[in-house]
Amino acid sequence: MCKRLKNKVAVITAAGRGIGKGIALKLSQEGANVIIVDLDVETAKTVSEEIEKSGVKSLFVKADVSNAGEVREMVDYTMREFGRIDILVNNAGINKPAFILDVTEEIWDLTMKVNLKSIFLCSKAVIPFMMEQKNGKIINISSISGKKGGTWLSPYCTSKFGVIGFTQSIARELAPFGINVNAVCPGIVFTPLWDDLAKVFSKKLHLPPEKVKEYYIDRIPLKRPAEVEDVANLVAFLCSDEASYITGQAINADGGEVM
Ligand code: NAP
């Protein structure tokens, strides 16, 4: 197989599990050396070790990507070890659904911090190196909740719409430097993030928890949830030279749910 990302260096946030892990595995299969960033150092280490077995290099870093100091240390460490960063995938995200009157200031601030501020901080930290290289790819994981509002999702949707606004703005600013910036908008992927969501949505929908997933699948034209690979395949394409003419876009991987 022709490896589209051979020798590239990719930083992936929140890659210890779920979609981030799927993206890390896919980019490494395409030949990239990957830096696994996560709050949970044990899961990050496990993913990194799994990836090293496939012959590429991998590092793991414990960092809260909503903390400027920790982001700076993570990027400095990567630069010391690899000397360059070609790809940044901003994947960290949380979802705390609630009716608007039950959304506390704490939930609101935390959602903006993890889903939006982290993307600003990580991008700002790697952009100078990409500008110097005159080359780079930044992929921001938004959501179909970044394209349409959702009941009990006001903080999450606000943050994910924000991710697309940030993507479009810096795509324009960085185009002269050979840096492509795009967003990917997954539909439903049954990762650990959904363990809590299914419980909360069962109250919202007045359905037993085991029926919640069925309810959401039924709304998808392709009648199945996304697998992490469906999202990872799109990210890998956007990171490759095949996507060099694509920037400032927010592309859905959602089985046709939003069109
Ligand atoms: P997940 O299974 O909950 O995984 C999220 C990961 O993020 C966890 O490993 C978590 O670490 C890590 N994390 C959380 N806050 C962090 C922080 N401040 N710094 C560093 N790492 C942090 O979530 P997922 O479903 O894979 O979602 C990944 C992304 O896709 C998110 O941006 C999400 O909004 C987006 N998305 C998901 C879906 C879906 O249906 N799953 C749909 C559309 C978009 P800990 O385990 O230590 O907490």
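Residues numbered from 1 in each chain as written. Predicted model: local features only at pLDDT ≥ 70, side-chain atom pairs only at ≥ 80, totals over all residues. Heavy atoms only, no water.

**Topic: the overall build of the chain**
Next, step 1: Check the secondary structure of the chain and you find eight helices and seven strands.
Next, step 2: Computed over the C-alpha atoms, the radius of gyration of the chain is 18 Å, within 12% of the 18 Å expected from 2.2 N^0.38 for a compact globule of 259 residues.
Next, step 3: In terms of overall dimensions, the chain has C-alpha extents of about 55 × 40 × 35 Å along its principal axes.
Next, step 4: With 259 residues in all, the chain has 50% of them scored as buried.
Next, step 5: Once local pairs closer than 6 in sequence are excluded, the contacts in the chain between residues at least 24 apart make up 71%.
Next, step 6: With 32 positive and 31 negative side-chain charges, the chain shows a spacing of 3 Å between the two charge centroids. (Helix = DSSP H or I, 4+ residues; strand = E, 2+ residues; numbered from the N terminus. Rg over C-alpha atoms; globule rule 2.2 N^0.38 Å. Buried < 20%, exposed > 50% of the residue type's maximum accessible area, 1.4 Å probe, protein only. Contact = heavy atoms within 4.5 Å. Lys, Arg positive; Asp, Glu negative; His and termini not counted. Charge placed at Lys NZ, Arg CZ, Asp CG, Glu CD.)

**Focus: the packing of aromatic side chains**
Next, step 1: All chains considered together, the criterion is met by five aromatic pairs.
Next, step 2: Centre to centre, the rings of Tyr215 and Tyr216 are 5.0 Å apart; their planes meet at 90°, and the pair counts as edge-to-face.
Next, step 3: Owing to a relative accessible area of 33%, Tyr215 belongs among the partly exposed residues under this scheme.
Next, step 4: One aromatic cluster is present, formed by Phe190, Trp194, Phe201, Tyr215 and Tyr216 through successive ring pairs.
Next, step 5: The residue whose ring lies beneath Lys204 is Phe201, and the NZ or CZ to ring-centre distance is 4.2 Å. (Phe/Tyr/Trp six-rings, centres within 6.5 Å; stacked < 30°, edge-to-face > 60°. Lys NZ or Arg CZ within 6 Å of the ring centre and 35° of its normal.)

**What about unusual backbone geometry?**
Next, step 1: A positive phi angle is found at Lys134, which is not glycine, with a value near 55°.
Next, step 2: In this fold, Lys134 is placed in the loop between α4 (105-133) and β5 (136-141).
Next, step 3: Classification of Lys134 as exposed rests on a relative accessible area of 60%.
Next, step 4: In this model, Lys223 sits at a positive phi of 55°, which is unusual for a non-glycine residue.

**Description of the pattern of salt bridges**
Where side chains of opposite charge bring their charged atoms close, a pairing between them can arise.
Next, step 1: Summed over all chains, the structure comprises eleven salt bridges.
Next, step 2: The residue Lys45 makes a salt bridge to Glu49 at a minimum N-O spacing of 3.3 Å. Here the residue Lys45 and the residue Glu49 both occupy positions in helix α2 (residues 41-52), the gap between them amounting to four residues, near one helical turn.
Next, step 3: Residues Asp76 and Arg72 are paired through a salt bridge, measuring 3.4 Å at the closest nitrogen-oxygen approach. You can see Asp76 and its partner Arg72 sitting in helix α3 (residues 68-82), four residues apart, about one turn around the helix. (Salt bridge = Lys/Arg side-chain N within 4 Å of Asp/Glu carboxyl O.)

**A closer look at the nonpolar core**
Next, step 1: By size, the foremost hydrophobic cluster in this structure holds 32 residues, and its most contacted members are Ile23, Leu27, Val89 and Val235.
Next, step 2: Put simply, the parts of the chain that give this core at least two residues each are β1 (9-13), α1 (18-29), β2 (33-38), α2, β4 (87-90), β5 and α8 (228-239).
Next, step 3: Here Val89 is in contact with Val11, Ile12, Thr13, Ile23, Leu27, Ile139, Ile141 and Val235, once residues within four sequence places are set aside.
Next, step 4: Counting residues in each nonpolar core, the second largest holds 28 residues, with Val11, Ala63, Leu88 and Leu174 among its members. (Core = buried A, V, L, I, M, F, W, Y, C linked by side-chain atoms within 4.5 Å.)

**Quick notes on the site of the ligand**
Next, step 1: As a matter of local geometry, the ligand sits amid 27 residues, with Arg17, Asp38, Asn91, Tyr156 and Thr191 nearest to it.
Next, step 2: One of the backbone nitrogen or oxygen atoms of Ile19 is found 2.8 Å away from an oxygen atom of the ligand.
Next, step 3: In the environment of the ligand, an oxygen atom lies 2.4 Å from a nitrogen or oxygen atom belonging to the side chain of Thr191.
Next, step 4: Coverage of the ligand by the protein chains reaches 91% of its 910 Å² of free accessible surface.
Next, step 5: Going through the elements one at a time, α1, α5 (154-174) and α6 (193-205) are the ones with two or more residues in the shell around the ligand.
Next, step 6: Counted by class, the shell around the ligand contains 15 nonpolar, seven polar and five charged residues. (Near = heavy atom within 4 Å. Polar contact = N/O pair within 3.5 Å; in protein donor to acceptor, adjacent residues only side chain to side chain. Areas by Shrake-Rupley, 256 points an atom, 1.4 Å probe, with all protein chains shown as cover. Nonpolar A, V, L, I, M, F, W, Y, C, P; charged D, E, K, R; others polar.)

**A few points about the environment of Pro128**
Next, step 1: Tracing the backbone through its elements, the reader meets Pro128 in helix α4.
Next, step 2: By relative accessible area, which is 42% here, Pro128 ends up partly exposed.
Next, step 3: For the pair formed by Pro128 and Leu153, sequence separation is 25 residues and the distance between their alpha carbons is 34 Å.

**With respect to α5**
Next, step 1: For α5, with 21 residues, the first-to-last C-alpha span of 30 Å sits near the 30 Å given by 1.5 Å per residue.
Next, step 2: Every buried residue belonging to α5 is among Pro155, Tyr156, Cys157, Ser159, Lys160, Val163, Ile164, Thr167, Ile170, Ala171 and Leu174, and all of these are buried.
Next, step 3: Tucked into the core, α5 has its buried residues touching α4, β5, β6 (179-186) and β7 (250-253). (Expected span 1.5 Å × (residues − 1).)

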